[in-house]
Every structure is written in C-alpha cells, then in structure tokens.
Amino acid sequence: MIELYNFLENNTDQIVSGLLTAIPKDVPAYARVNRNELKQSVEYLLEAYTDRLVTGEDDSQKTYFKYLAKVRTAQSFKLSDVLHKQLCFLPVIRSLLQQEFRDVDGDGLTLFNQAMGQLERTTFQSASLFIDVYQDYLKSRMTEHDEYLQENNEQLGVDMSKFILFRG
C-alpha cells in the first residue's frame, strides 16, 4: 500500500497531465469546463482518491463529492459524465504502472496485479460513494423544493389534494 501511495505521489504531475488530456476527449461535456478549473478538480479528486486508497477512510471524498454534486448539477452535467471522469483514472494510472513494473525482475507482474487490484477496488468504492452522495444531494434538493411549494400553497390557501386525480 505504501509503495502504491509513493508511486501516486511521485507521479502526480504525470497523472494529472494524462487526465487533463483524457477527460475532455473521453467525456465531451468536460470540453466546456475551463482547463484551470478542470485541473483543480482533478487534483482535488486525486488527493481524495489517494487518501481513500491509503487510509480506507472516505471523509475527504465525501466532502469533495458533495461540492462536486452541487457544482456539476448547477452546470447541467449528467451523472454519467461526472462518473465517467472518475473512471478515467484507471487507464491513466494503469499505463504509468505498466511502465513502472515493466523492467522489474521476478515479481514485477505480481506487484503490478496487486497494485491494479487495489486501484480497481478503490475506484469502484469511490464511484459507488459518488453515486450515493449525488443521489442524496438530488433528494435534498427535491425535498427542499417540495417544502417550498407546500409553504407557498399554504400561504395562498391552495389545497393541492383537490387537484390530484390519481393517487398511486
């Protein structure tokens, strides 16, 4: 685990650079995001990802994902686009890991497979967490909107139950 952490830390610039190339190409919605904003987003995401990889804790990811859900929803991004961005990590990091372990004698393939297994588990856990956070954010927005409508209807003296023709 420490070796993988060190690898990610030592290759942060290459990973970020690779992601800044891959993301707008693979996820067209990100072509409209300012490059500096995308770079900052990728750096935060990589930091939270690395934190989860090493500690197993998801606090920094939750915090960042809450922010990301709010911002990308306001920018009319689809959930699939935001999730696809996160899934771009694997191919970029895999390529760098292959270069790292290509010339290792003996256990190079075993070490590569172990590192990839850990990266895949972390990526899948991160993707699942993001979907949960995104869903919670949307649910809170709907609840907030429903409360707003209810309050306005009460102020206007409107009983919406009289307008509902079908209850399922």
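None of the values given here were measured: they were computed from a predicted structure.

Q: How should a negative patch on the surface be read in this particular structure?
A: On the surface, a cluster of negative charge is made up of Asp146, Glu147, Glu151 and Glu154. Tracing the backbone through its elements, the reader meets aspartate 146 in helix H7 (residues 108-156).

Q: Just to check I follow, could you spell out the packing of aromatic side chains for this structure?
A: The relation between two aromatic rings is expressed through the spacing of the ring centres and the mutual angle of the planes. Following the criterion strictly, the structure yields six aromatic pairs and no others. Considering the side-chain rings of tyrosine 30 and phenylalanine 77, the 4.9 Å spacing of their centres and the 55° angle between planes classify their relative orientation as tilted. Of this pair, tyrosine 30 sits in the loop between helix H2 (12-26) and helix H3 (35-55) while phenylalanine 77 is found in the loop between helix H4 (59-74) and helix H5 (79-87), placing the two residues 47 residues apart along the sequence. Each member of the pair, tyrosine 30 together with phenylalanine 77, is buried.

Q: In this structure, what is going on with the packing of H4 against H7? I would like to understand it.
A: When two helices pack together, you describe them by how their axes are tilted relative to each other and by the distance separating the axes. Viewed as axis vectors pointing N to C, H4 and H7 meet at an angle of 55°, and their least axial separation amounts to 9 Å. Judged on the interaxial angle alone, H7 and H4 are oblique. Both H4 and H7 take part in a crossing whose hand is right-handed. For the pair formed by H4 and H7, the contact residues are Gln61, Lys62, Phe65, Lys66, Leu68, Ala69, Lys70 and Thr73 on the first element and Ser126, Leu129, Phe130, Val133, Tyr134, Tyr137 and Leu138 on the second. Looking at the contact of H4 with H7 residue by residue, the classes come out as nine nonpolar, three polar and three charged.

Calculation notes
Residues numbered from 1 in each chain as written. Predicted model: local features only at pLDDT ≥ 70, side-chain atom pairs only at ≥ 80, totals over all residues. Heavy atoms only, no water. Patch = residues over 30% accessible without salt bridge, like charges linked within 9 Å, V, L, I, M, F, W, Y side chains within 5 Å. Areas by Shrake-Rupley, 256 points an atom, 1.4 Å probe, with all protein chains shown as cover. Salt bridge = Lys/Arg side-chain N within 4 Å of Asp/Glu carboxyl O. Lys, Arg positive; Asp, Glu negative; His and termini not counted. Charge placed at Lys NZ, Arg CZ, Asp CG, Glu CD. Helix = DSSP H or I, 4+ residues; strand = E, 2+ residues; numbered from the N terminus. Phe/Tyr/Trp six-rings, centres within 6.5 Å; stacked < 30°, edge-to-face > 60°. Buried < 20%, exposed > 50% of the residue type's maximum accessible area, 1.4 Å probe, protein only. Axes fitted to C-alpha atoms, helices over the stretch in contact; angles between N-to-C directions. Parallel < 35°, antiparallel > 145°, perpendicular 65-115°, else oblique. Left-handed = near helix turned anticlockwise from the far one by under 90°. Contact = heavy atoms within 4.5 Å. Nonpolar A, V, L, I, M, F, W, Y, C, P; charged D, E, K, R; others polar.

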